[in-house]
Each structure stands twice: as structure tokens, then as C-alpha cells.
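# Structural features, examined
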Amino acid sequence: GWQGDSISSQEATMSEVSAAANAAVGAAAEVVPDTAQGSEASDELAEITLPFAAVKRIVRSAAPGTRFSREAFAGLHRIAQAFICFATDRALHEARVDAEKGKKTAKSKAAQQTVRRTLSTEHVMRFLTVEMPPIAKKIATLFPEMMPAEFKPAGVKLLEQLQEQERAATAAAAAAAAAATLE
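## Here's the deal with the side chain of H77
With respect to the helices and strands, the residue H77 is situated in helix α4 (residues 70–105). Judged by relative accessible area, which is 11%, H77 ranks as buried.

This is how it looks when you write it as C-alpha cells:
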């Protein structure tokens, strides 16, 4: 988790989390319905809530040994929910931009209809890289196997190149051995 970072003080970690949370809440204000709009918005939000236990487990693993009040857990639960709504909205925007580009470059109507409408890791990482670079870097580091090539950390790219070279060398050696036995 977050404890493996090179940040030396817990205060710095907590201020980073707080800054990221403030950014998510501020940016998600336009995405998440305001409870002042009536009970309909409140009911909609209740239907898409995250499991409280999962958020609690994530919070505890991010800051082991730290005690949190119920209000802190509730606030972080709400922030996680708002961030997911915000991230989904921004990723959908990136997908719409891709779809528009696909429609403009496609010549026939059949080609225009084949433009994918599926959100991908690339859409999420594209907006995170622009709007929240530290978070994008952290996610790419924690989950390199899920990242498109352009978002993978440099070390992971090098390891993949090395593995590919080793596979090619093994295949070449096997082909040479097979050719030598045929002669």
C-alpha cells in the first residue's frame, strides 16, 4: 500500500491524502448530486454506495497503527464515493473524445458504428495523468499489469523488454538446436 513510499513522515502522507481528497471532493461537486436537491438525490446516492467495511479496510491499510474516528471513516467513505463518480465522469469524457475522433476518421457508416463505447484503463489514466499526476503515477506503479504501455513505469517497461529478449533468445536457440538435429 501507501506505506511503502519513500515519504518519511506520517504527516506528509496524511497531508497528501488530505490534498487528494480535497481535490476529489471539489472536482466531484459537479458530478455528485447535492443532498439539498431533495430526497431523490439522496436515495440515488445511497443506491451506489461503497461497502463501508471495504473503505475502512483500505483506510486502515493506508495508515497502519493510526486510529480513526467514526466521522473520519464516514468522511473518507463519502470522499471515495465522490472520487469514483468524478473519475467515471472524466473517463467518460475521454471515451467521448475518442469516439468523436473515431467518427471523424472513419470513412463508412459501418466503420463509425464499430467505434467502441467501452471505458478502459487508458481513458482513466489519460485524465489522471493530466489532472492528478501523482495519483496516476502511484496507480501505474501499484498495478503495472493493468496499464497500457504508455502509462507503465519505466522499470516495468525495461523488465518486459528483457523478458521479450530472453524469449526470443530461447526461441532462436531452440530453432538452432532443431536445425542441428536435422542435419
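## Regarding the confidence of the model for the chain
Here the chain shows a mean pLDDT of 77. Residues at 70 or above account for 69%. When mean pLDDT is compared element by element in the chain, helix α3 (residues 52–62) scores highest at 94, while helix α1 (residues 10–28) scores lowest at 46. Below a pLDDT of 50 lies the segment residues 1–17, which in the model reaches 13 contacts outside its immediate sequence neighbourhood of four places, other chains included. Confidence drops under a pLDDT of 50 for residues 27–38, and excluding neighbours within four residues, the segment shows 13 contacts in the predicted structure.

## Quick word on the packing of aromatic side chains
Scanning all chains against the criterion turns up four aromatic pairs. Between F68 and F73 the ring centres are 5.4 Å apart and the planes differ by 45°, which places this aromatic pair in the tilted class. Classification of F73 as buried rests on a relative accessible area of 4%. With 6.3 Å between their ring centres and 50° between their planes, F83 and F86 make a pair best called tilted.

## Description of the nonpolar core
Generally speaking, a soluble globular protein has its nonpolar side chains buried in company with each other. Among the nonpolar cores identified, the biggest contains eleven residues, and these are F86, A87, M125, F127, L128, M132, I135, A136, A140, M147 and F151. The residues touching L128, leaving out its near neighbours within four places in the chain, are F83, P133, I135, A136 and I139. If you look at the next biggest cluster of nonpolar residues, it comprises five residues, including V55, V59, A63 and F68.

About the thresholds
Residues numbered from 1 in each chain as written. Predicted model: local features only at pLDDT ≥ 70, side-chain atom pairs only at ≥ 80, totals over all residues. Heavy atoms only, no water. Helix = DSSP H or I, 4+ residues; strand = E, 2+ residues; numbered from the N terminus. Buried < 20%, exposed > 50% of the residue type's maximum accessible area, 1.4 Å probe, protein only. pLDDT = per-residue confidence, 0-100. Contact = heavy atoms within 4.5 Å. Phe/Tyr/Trp six-rings, centres within 6.5 Å; stacked < 30°, edge-to-face > 60°. Core = buried A, V, L, I, M, F, W, Y, C linked by side-chain atoms within 4.5 Å.

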